[in-house]
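Chain and residue survey
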Amino acid sequence: MQTVVTDLTVRQIALATEQVLGKSVQISRETDIARDLEVDSLSLMNIVMELEDAFDLSVPLDRLASVQTVGDLADLLAMLRRGH
Amino acid sequence: MALLDQHLALAEAYKAVREAGADPFNMRFDAVLSPTEARLKGRPVVLLGSNNYLGLTFDEACIDASVEAVQRLGTGTTGSRIANGSFEGHLALEASLARFYGRRHAMVFTTGYQANLGVLSSLVGRGDHLILDADSHASIYDGAKLGSAEVIRFRHNDPDDLYKRLRRLGSAPGERLIVIEGIYSMMGDIAPLREIAAVKREMGAYLLVDEAHSMGVLGERGRGAVEAAGVEADTDFIVGTFSKSLGAIGGYLVSDIENFDVLRVTSRPYMFTASLPPSVIASTSTALARMQAEPGLRARLAHNAQRLFSELNALGFKTGPQPSPIVTAVMPDMATAVTFWNGLLREGVYLNLAVPPATPTNQPLLRSSVSAAHTPQQIDHVVAAFARIGAELGLLLPQAASA
């Protein structure tokens, strides 16, 4: 069950990334956001903004410090959705 | 791996820009001759990227006050006001700023950047929420990072999005501080402050407006975007700088908030840096008085801004949404932007090349800042240069290109 939820989250992250970068991307939990997707600091904040809307939650910017991979971001979103 | 290899990608990109011509991020003028003119490799160049909105850097009264102060009081304060005390000028300038804004309190910082660092890290803390416009200046982001409040961004100049993000916070404990800029420094667009103030009232929050590019520029008395929008009563804090319309360097905060002076011992960027030297305080105080005494400067600035904005739009350049002293032409790609920027320099026009990620839409920008001191002939010269290079690069509207 956990896997399904996470897969959906990864798909949302892909959608948000495509929206911000304006090109299609192939991502998995292991994808390194900065290195593999060439996402700079501003684009990452914009991707997070899309995800805030997709999940109707707030992602404080300081929580992004520990996010390196798509999996990290998916876990952060899952945590915030549980109210942490 | 060498220590700075972490910046290799940026270094390569920078090298590519430099190899295309002059170095846009390391200009070396032979001399700056006036608020609007410098000499570069022996040739005159119009300064169109210096944020010198009122042209007061060479104002005789400002220079005289500065010279008198340096001779009477020395070259520097050699320390923070917490340790070395305040000079009379620091206190007088704070009193003048408070009076100018009709507020109870004012506090002067050593730079505008530090004002945002000091204010944003001190006004809110752990458990509070800082709500920033997505296109905020680096000093706002860095101030947020220095503090410990939770930071949420809303879509640029979008009051509905601000509302949505405040609503999402729901009943979470902690204060909310909304941070807005009067004029945004890259595209020159003005914040919809009336609508933002309405959201603030409805949702319950504090409102801070950074008037770095709008103090002395907007509003009947030059009080900025807040005055122009008629939302002074809704604005709890105003931050600004002395380095643009007032022609020197420094930053400030004004407010009516109770216990204001505690900020002087909570704000690390205020406490742990030397205060402004007497010469800067003196020229700034004089410039503040000149700006208030001469609304004509503001009118001339608005006229010049409107002219450049209209003419660039007529040529077919994509600019910001409304005229303001920051007039920016959006470039389609880096190569065009760098070629265009170098072409302008060859034509004797210096402005700012702004590149992603410092730009809002991932596109490179040619950013102009107009001054009240620009002559009609200088604006003619700039527009002609834009037309010539734009035609060469195929960027103009068909009717403008053939005109």
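About the thresholds
- Residues numbered from 1 in each chain as written.
- Chains lettered and ligands numbered in written order.
- Predicted model: local features only at pLDDT ≥ 70, side-chain atom pairs only at ≥ 80, totals over all residues.
- Heavy atoms only, no water.
- Pairing = 2+ DSSP bridges.
- Helix = DSSP H or I, 4+ residues; strand = E, 2+ residues; numbered from the N terminus.
- Axes fitted to C-alpha atoms, helices over the stretch in contact; angles between N-to-C directions.
- Polar contact = N/O pair within 3.5 Å; in protein donor to acceptor, adjacent residues only side chain to side chain.
- Contact = heavy atoms within 4.5 Å.
- Expected span 1.5 Å × (residues − 1).
- Buried < 20%, exposed > 50% of the residue type's maximum accessible area, 1.4 Å probe, protein only.
- Domains from an automatic or database assignment.
- Buried area = accessible area lost by both parts, 1.4 Å probe.
- Salt bridge = Lys/Arg side-chain N within 4 Å of Asp/Glu carboxyl O.
- Nonpolar A, V, L, I, M, F, W, Y, C, P; charged D, E, K, R; others polar.

The next point concerns the sheet that holds strand β14 (residues 365-369) of chain B. Residue and element names in this part refer to chain B. Strand order across the open sheet formed by 3 strands is β11-β14-β13, with antiparallel pairing between neighbours. Edge positions in the open sheet fall to β11 (326-330) and β13 (352-354), since each of these has one partner strand only. Averaged over neighbouring strand pairs, the angle between their axes works out to 25° when direction is ignored. Taken together, the 5 bridges between β11 and β14 define a ladder with antiparallel strand orientation. Looking at the pairing, I326 lines up with S369 of β14.

Residues and elements named next belong to chain B. If you trace the backbone, D236 turns up in the loop between α9 (225-229) and β9 (237-241). Polar side-chain contacts of D236 include one of 2.9 Å to the side chain of K200. From its side chain, D236 meets the backbone nitrogen of L207 in a polar contact 2.8 Å long. Those residues in contact with D236, other than ones at most four positions away along the chain, are R103, K200, A205, Y206, L207, V254, S255 and D256.

A separate point is helix α11 (residues 278-293) of chain B. Residues and elements named next belong to chain B. The end-to-end C-alpha separation of α11 is 23 Å, in line with the 22 Å expected for 16 residues at 1.5 Å each. Where α11 is concerned, the buried positions are P278, S279, V280, I281, A282, S283, T284, T286, A287, L288 and M291. Where the residues of α11 are buried, they touch α2 (60-73), α4 (88-101) and α12 (295-315).

A separate point is the domain arrangement of chain B. Residues and elements named next belong to chain B. According to the domain assignment, chain B consists of domain 1 (3-53 + 295-401) and domain 2 (59-293). Each of domain 1 and domain 2 has a C-alpha centre, and these two points are 27 Å apart. In this assembly, 21 residues from domain 1 lie in contact with 22 residues from domain 2. Across the domain 1/domain 2 interface, buried area totals approximately 1,700 Å², and carbon plus sulfur atoms make up 61% of it. There are 0 salt bridges connecting domain 1 and domain 2. Seen at the junction of domain 1 and domain 2, the total is 7 residue pairs in polar contact (both at pLDDT 80 or more). Within the residue set of the side of domain 1 that touches domain 2, elements represented by two or more residues are α12, β11 and β14.

On to the interface of chain A and chain B, then. It is common to give the size of an interface as the accessible area lost on bringing the parts into contact. Every contact between the two is made by 16 residues of chain A and, on the other side, 19 residues of chain B. In total, about 1,500 Å² of surface goes out of reach between chain A and chain B, with carbon and sulfur atoms giving 47% of it. Sorting the residues of chain A by area buried against chain B places L42, M49 and D53 of chain A first, and these three jointly supply 35% of that buried surface. The tally of links between chain A and chain B comes to 7 salt bridges. Its salt-bridge partner being D53 of chain A, residue R168 of chain B comes within 2.9 Å of it at the nearest N-O pair. Put simply, chain A and chain B have 11 residue pairs in polar contact (both at pLDDT 80 or more) between them. Grouping the constituent residues of the side of chain A that touches chain B by class yields 7 nonpolar, 3 polar and 6 charged.

With that out of the way, let us pick up unusual backbone geometry. All names here are of chain B. The phi dihedral of N259 is positive, around 60°, even though this residue is not glycine. Note on placement: N259 falls in the loop between β10 (251-255) and α10 (268-271). Backbone geometry places N362, a non-glycine residue, at a positive phi of 65°. Position of N362 relative to the elements: it lies in the loop between β13 and β14. Judged by relative accessible area, which is 38%, N362 ranks as partly exposed.

Our focus in this paragraph is the sheet that holds strand β4 (residues 105-109) of chain B. Residue and element names in this part refer to chain B. As summarised here, the arrangement of the 7 strands in space is β4-β10-β9-β8-β7-β5-β6, forming an open sheet in which the pairing is mixed. Strands with a single pairing partner mark the edges of an open sheet, and in this sheet they are β4 and β6 (150-154). Strand-to-strand, the axes of this sheet are offset by a mean angle of 20°, without reference to chain direction. Both β4 and β10 contribute to a ladder of 5 bridges, which runs antiparallel.

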